[in-house]
Amino acid sequence: MRNVKFLIVIPSIIIALLAIFFVLMSENTLVFHPEGVVARSELELIITNIILMLIIIVPTYILLFAVVYKYCIKKKNAKYDPDHTFGPIGELLMWGIPSVIVVVMAIVTWDATHKLNPYKPLESENKPLTVQVVAMDWKWLFIYPELGIATLNYFHIPERTPIHLRLSADGSPMNSFWIPQLSGQIYSMTGMSTQLYLMADRPGEYMGRAVEINGEGYADMTFPVKSSSLKDFEAWVSEAKKSPLHLTEDSYNELVQPSVNKSIIFFSEVEKDLYHKIIHKYMYPTKPVL
């Protein structure tokens, strides 16, 4: 009976590992299908650390099943020796190898973390494009200050062009911006501004979302991301400039009110320095702080 159970456990583990593999390879597992230099470097770091951890985990599980097999399944033929020791060499291997792996992981992660600094500009032949991002309840505002346009819940970028994001929040104290196939996750905070660089390798459509649980509209606080050729991007900008809507401080104050499932909106004009006004209104409150 014990042999039967053991023979059932091994195939079950193999099937589970295969299931995990196919899930990770699925198109829905966005992190494993990067389309930008930043996301690709992050995936390489994840895979490197997984391989390093498996150097310890795989032998550990092999020994675990060997012990279970020897002392449980073949109990009659096993000799129990509680005073058994592997000696200095064995102890050195048992503690030394994991320690070396941890040190290697620390060095690799330290180096990759500095290379993936979100404030570090990306190298490209194309001029970077600045986009100001404001996280609201429960929607995303994208302001293109160099182009004089803005979008709500829609992010359009040219391919192979470094995108310099400046991010803040308004309404909720904190949110988190993430495009799994293009960038890492970074927090945006009310009254503060942070930065993030990303770049798409080719034309494509991706999904961005909030990853900080922030209430009623959190699950639907997503936005489509489109990367296109520079020519198509310029054509889209021309179309956006035909919108009859203008983003002024007054219209923004209406927009910032909490709302769920807000549709995509284009603004053909944006009030000058609106992004900075959004941040500064929390730095210099009009009412006394008690």
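Residues numbered from 1 in each chain as written. Predicted model: local features only at pLDDT ≥ 70, side-chain atom pairs only at ≥ 80, totals over all residues. Heavy atoms only, no water.

Undergrad: Sorry if this is basic, but what is going on with the sheet that holds strand S2 (residues 139–144) here?
TA: Neighbouring strands of a sheet are bound in pairs by backbone hydrogen bonds; such pairs are parallel or else antiparallel. Pairing within the open sheet is mixed, and its six strands lie in the order S8-S5-S1-S2-S3-S12. Lying at the two open borders of the sheet, with one neighbouring strand each, are strand S8 (194–198) and strand S12 (265–267). Each neighbouring strand pair of the sheet contributes to a mean axis angle of 20°, computed without reference to strand direction. In the sheet, strand S1 (residues 129–136) pairs with S2 via five bridges, with the strands oriented antiparallel. By the bridge assignment for S2, Met136 is matched with Lys139. (Pairing = 2+ DSSP bridges. Helix = DSSP H or I, 4+ residues; strand = E, 2+ residues; numbered from the N terminus. Axes fitted to C-alpha atoms, helices over the stretch in contact; angles between N-to-C directions.)

Undergrad: Explain the sheet that holds strand S7 (residues 186–189) to me, please; I cannot follow it from the model alone.
TA: Judged by pairing direction, the sheet is mixed, and its five strands sit side by side in the order S4-S10-S9-S6-S7 without closing on themselves. Each of the sheet's edge strands pairs with one partner strand only, and the pair in question is strand S4 (155–158) and S7. Strand-to-strand twist of the sheet, defined as the mean angle between neighbouring strand axes without regard to direction, takes the value 25°. Where strand S6 (residues 174–178) lies against strand S9 (residues 204–210), two bridges are found, and the strand directions are antiparallel. Note that in S9 the partner of Trp178 across the bridge is Arg209. Along the sheet, helix H4 (residues 230–240) contacts S4 and strand S10 (222–228); its crossing angle with S4, the most-contacted strand, is approximately 140°. (Contact = heavy atoms within 4.5 Å.)

Undergrad: How do you make sense of the nonpolar core when you look at a structure like this?
TA: Soluble globular proteins tend to bury their nonpolar side chains together. Counting 32 residues, the largest nonpolar core has Phe155, Leu165 and Phe177 as its most contacted members. The set of elements that each furnish at least two residues to this core consists of S1, S2, S4, strand S5 (163–169), S8, S9, S10 and H4. Apart from residues lying up to four places away in sequence, Leu165 is in contact with Val131, Val133, Phe155, Phe177, Thr194, Gln195, Leu196 and Leu198. Counting 16 residues, the second largest nonpolar core, distinct from the first, contains Leu152, Tyr252, Phe267 and Tyr275. (Core = buried A, V, L, I, M, F, W, Y, C linked by side-chain atoms within 4.5 Å. Buried < 20%, exposed > 50% of the residue type's maximum accessible area, 1.4 Å probe, protein only.)

Undergrad: Explain the environment of Pro34 to me, please; I cannot follow it from the model alone.
TA: Following the sequence through the fold, Pro34 ends up in the loop between helix H1 (2–25) and helix H2 (37–73). For the pair Pro34 and Leu182, spaced 148 residues apart in sequence, the C-alpha to C-alpha distance is 6.3 Å. The contacts of Pro34, once residues within four sequence positions are left out, are Ala39, Arg40, Leu43 and Gln181.

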